[in-house]
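The chain contents come next:
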Amino acid sequence: MITKLDTALAAIDDANSADPNQDGGQPASKLYGQRMSEELDRLFPEASDSLKLAARGQHIERWILPRGTYPQGKAGYHAWRRDLAKHHASRVGAIMAQAGYAEDEIDAAARMLRKEGIKRHADVQALEDVICFVFLKWYFAPFAAKHPDDKVQDIVQKTARKMSEAARARVLREFDLPESLAAAFKS
């Protein structure tokens, strides 16, 4: 039997299949969503459907709002990220509504995607922890290879600050980081 979760996950994957950006021969947003789901299942096996759909839809249609269409600098970057979060929340919400989810479940996923309540709401923090683990597992090494050490250190520190204490401890157990980077994850 196909569940509403199956229906919504498939709709997110279908939307992300149109991503013109490729990662290993696959649409980048679709691959990212699948990695998010795998990491969520590993870290939070009892996750709600809202959290599962927020994780899968974290980058839904990300290519629609290219970074280059926003001003350079911190203000432009923050505007871009804010607009992306709104778009992701709207698209995932529409998919959830079409699959038959209740308004409170849709609102919960939208809150997570807009990052409303990091460090205050367990589900929002869980999504952020998953995002950070996916970054460290799949995207950190390519990022580090292209940037100077001081920028790498800065990104690692920012990543660690976003994570829960439990997630930072888990990073130290699961990743073999040089001491200069590991220090950012120590409470």
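Since we're looking at a predicted model, the values are computed, not measured. (Residues numbered from 1 in each chain as written. Predicted model: local features only at pLDDT ≥ 70, side-chain atom pairs only at ≥ 80, totals over all residues. Heavy atoms only, no water.)

Asker: Just checking my understanding: could you explain the environment of Y32 for this structure?
Answerer: Inspection of the secondary structure assignment puts Y32 in helix α2 (residues 28–43). In this structure Y32 comes out as buried when scored by relative accessible area, which is 7%. Separated by 27 residues in sequence, Y32 and H59 have C-alpha atoms that sit 7.4 Å apart. Sequence-distant contacts of Y32, that is, excluding residues within four places in its chain, are made with Q58, H59, I131, V134 and Y139. (Helix = DSSP H or I, 4+ residues; strand = E, 2+ residues; numbered from the N terminus. Buried < 20%, exposed > 50% of the residue type's maximum accessible area, 1.4 Å probe, protein only. Contact = heavy atoms within 4.5 Å.)

Asker: Sorry, what's going on with the packing of helix α4 (residues 73–99) against helix α5 (residues 103–113) here?
Answerer: Relative to each other, α4 and α5 sit at 160°, their axes nearing to 8 Å. Relative to α5, α4 is oriented roughly antiparallel. Read as a crossing pair, α4 and α5 show a hand that is right-handed. For the pair formed by α4 and α5, the contact residues are A85, H88, A89, V92, G93, M96 and A97 on the first element and E105, I106, A109, A110 and L113 on the second. Looking at the contact of α4 with α5 residue by residue, the classes come out as nine nonpolar, two polar and one charged. (Axes fitted to C-alpha atoms, helices over the stretch in contact; angles between N-to-C directions. Parallel < 35°, antiparallel > 145°, perpendicular 65-115°, else oblique. Left-handed = near helix turned anticlockwise from the far one by under 90°. Nonpolar A, V, L, I, M, F, W, Y, C, P; charged D, E, K, R; others polar.)

Asker: Quick question: what am I supposed to make of the environment of H78 here?
Answerer: Position of H78 among the secondary structure elements: in helix α4. Put simply, H78 and K52 are 26 residues apart on the chain and 25 Å apart in space, counted from C-alpha to C-alpha.

Asker: Would you mind showing me how to read the environment of R173 here?
Answerer: As for its position among the elements, R173 is in helix α8 (residues 165–174). The spacing of R173 and I12 is 161 residues in sequence and 32 Å in space, taken between C-alpha atoms.

Asker: I keep staring at the pattern of salt bridges and nothing clicks. Help me out?
Answerer: Oppositely charged side chains can pair when the atoms bearing their charge come close. Counted under the stated rule, the structure contains eleven salt bridges. Between E39 and R42 there is a salt bridge, with the nearest N and O atoms lying 2.5 Å from each other. With a gap of three residues between them, E39 and R42 both fall in helix α2, about one helical turn apart. E179 is the salt-bridge partner of K186, the closest N and O atoms lying 2.9 Å from each other. For K186, a relative accessible area of 43% translates into the label partly exposed. A single salt-bridge network, built from bridges that share partners, covers E39, R42, K137, R170 and E174. (Salt bridge = Lys/Arg side-chain N within 4 Å of Asp/Glu carboxyl O.)

Asker: I'm lost on helix α6 (residues 122–146) in this one. Help?
Answerer: Relative to the 36 Å expected for 25 residues at 1.5 Å per residue, α6 spans 34 Å between its end C-alpha atoms, a close match to the ideal helical length. The sharpest bend along α6 reaches about 65° and sits at Y139, with the proline P142 one to four residues further on. (Expected span 1.5 Å × (residues − 1). Bend = angle between axes of the 7 residues up to and from the residue.)

Asker: Just checking my understanding: could you explain α2 for this structure?
Answerer: Given 3.6 residues per helical turn, the α-helix brings residues three or four places apart onto the same face. In this model α2 runs 22 Å from its N-terminal to its C-terminal C-alpha over 16 residues, within 8% of the 22 Å that 1.5 Å per residue would give. Buried-residue contacts for α2 involve α1 (4–16), β1 (22–23), β2 (26–27), α3 (49–56), α6 and α8.

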